[in-house]
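If you want the building blocks of each chain, they are given just below.
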Amino acid sequence: MQMIEETADLSAYLAADEVIDHHHPLVRETAAGLAAGVADSYEYARAAFEFVRDTIPHSQDSGDLRVTWRASDVLEQGTGICYAKAHALAALLRAEDIPTALCYQKFEVLHGLVAVRFNGAWHRQDPRGNKPGVDAQFSLDGERLAFVTDPESNELDYPVLYAAPHPVVLDVLKAAPDRPHLWRTLPTAL
């Protein structure tokens, strides 16, 4: 798939905002801890990916009713759905100056992931969290996402790489008082 940058300004994929708040002390502390044990930015990106994938449960899998959307809240509360986990991973990567975009897939509802930029190319990564039937891995040599789209079933990979969460996604997350409400209102398209 040919990915399309929302903006040609690479600094936009390093920016902090209210969602990808990599200036927050908890994000900085977590990033520093992950960076201490690695040799380079590639190893750091893998460590951050595995940290988010493996230590922050997907709230549907764990039964957690809380809805998080800000990266620091995802880290503090230790829960989130795919979008929130993507926000947390983006913040951890941007905290270490790794350009990171948000991207989406369409199944029955939208699914959120990230893309990291290494060696002049974007590589999609899915920190959703593994479970039986789901085996997402960090990879720059071909995608190892949680889910593969089936175009015959009207599923698709959106090609746009967003610097900030898509408003459709963010509005739904912010408006949800709990996960059951969120599940009833998840966006089905961008």
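Draft legend 1. Looking closely at the overall build of the chain. A count of helical and extended segments in the chain gives seven helices and six strands. For the chain, the sequential pattern of α-helices and β-strands runs β-α-α-α-α-α-β-β-β-β-β-α-α. A globule of 190 residues ought to have a C-alpha radius of gyration of about 16 Å, and the chain, at 15 Å, matches this closely. Overall, the C-alpha framework of the chain stretches about 40 × 35 × 35 Å when taken along its three principal axes. The buried share among the 190 residues of the chain stands at 50%. Of the roughly 8500 Å² that the chain leaves accessible, carbon and sulfur atoms contribute 50%. Of the charged side chains in the chain, 16 are positive and 28 negative, and the gap between their average positions amounts to 4 Å.

Draft legend 2. Up close: the sheet that holds strand β5 (residues 156–157). The four strands lie next to each other as β4-β3-β2-β5, forming an open sheet whose pairing is antiparallel. Across the chains shown, the open sheet's two edge strands, defined by having one partner strand only, are β4 (121–125) and β5. In this sheet, strand β3 (residues 110–118) lies alongside strand β2 (residues 100–106) in antiparallel orientation, the contact comprising seven bridges. Bridge pairing links Lys106 to Leu110 in β3.

Draft legend 3. Representation of the packing of aromatic side chains. Summed over the entire model, instances satisfying the criterion amount to seven aromatic pairs. Between Tyr83 and Tyr104, the ring centres sit 6.4 Å apart and the planes meet at 55°, which makes this aromatic pair tilted. Here Tyr104 lies in strand β2 and Tyr83 lies in helix α5 (residues 82–95), a separation of 21 residues in the sequence. Residues Tyr83 and Tyr104 agree in their burial class; the two are buried. The ring of Trp69 has Lys174 sitting right over it, with the charged end atom 4.9 Å from the ring centre. A cation sits over an aromatic face here: Arg179 above Trp183, 5.7 Å from the ring centre.

Draft legend 4. Fine view of the packing of helix α1 (residues 25–36) against helix α2 (residues 41–55). Between α1 and α2, the least distance of the axes is 9 Å, while the angle of their chain directions is 125°. Taken together, the axes of α1 and α2 are oblique relative to one another. Helix-helix and strand crossings are classified by hand; for α1 and α2 the assignment is right-handed. Residues Thr30, Ala31, Leu34 and Ala35 of α1 pack against Tyr44, Ala47, Ala48 and Phe51 of α2.

Draft legend 5. The nonpolar core, seen in detail. With 49 residues, the main nonpolar core has Tyr44, Tyr83, Leu92, Leu93, Leu102, Leu173 and Leu182 as its most contacted residues. Elements represented by at least two residues in this core include exactly α1, α2, α4 (71–77), α5, β2, β3 and α6 (167–175). Counting residues per element, this core draws most heavily on α5, which supplies 11 residues. The residues touching Leu93, leaving out its near neighbours within four places in the chain, are Tyr44, Ala45, Ala48, Ile98, Thr100 and Val116. In this structure, Ala12, Tyr13, Cys103 and Trp122 belong to the second largest nonpolar core, which totals 10 residues.

Conventions we followed
Residues numbered from 1 in each chain as written. Predicted model: local features only at pLDDT ≥ 70, side-chain atom pairs only at ≥ 80, totals over all residues. Heavy atoms only, no water. Helix = DSSP H or I, 4+ residues; strand = E, 2+ residues; numbered from the N terminus. Rg over C-alpha atoms; globule rule 2.2 N^0.38 Å. Buried < 20%, exposed > 50% of the residue type's maximum accessible area, 1.4 Å probe, protein only. Areas by Shrake-Rupley, 256 points an atom, 1.4 Å probe, with all protein chains shown as cover. Lys, Arg positive; Asp, Glu negative; His and termini not counted. Charge placed at Lys NZ, Arg CZ, Asp CG, Glu CD. Pairing = 2+ DSSP bridges. Phe/Tyr/Trp six-rings, centres within 6.5 Å; stacked < 30°, edge-to-face > 60°. Lys NZ or Arg CZ within 6 Å of the ring centre and 35° of its normal. Axes fitted to C-alpha atoms, helices over the stretch in contact; angles between N-to-C directions. Parallel < 35°, antiparallel > 145°, perpendicular 65-115°, else oblique. Left-handed = near helix turned anticlockwise from the far one by under 90°. Contact = heavy atoms within 4.5 Å. Core = buried A, V, L, I, M, F, W, Y, C linked by side-chain atoms within 4.5 Å.

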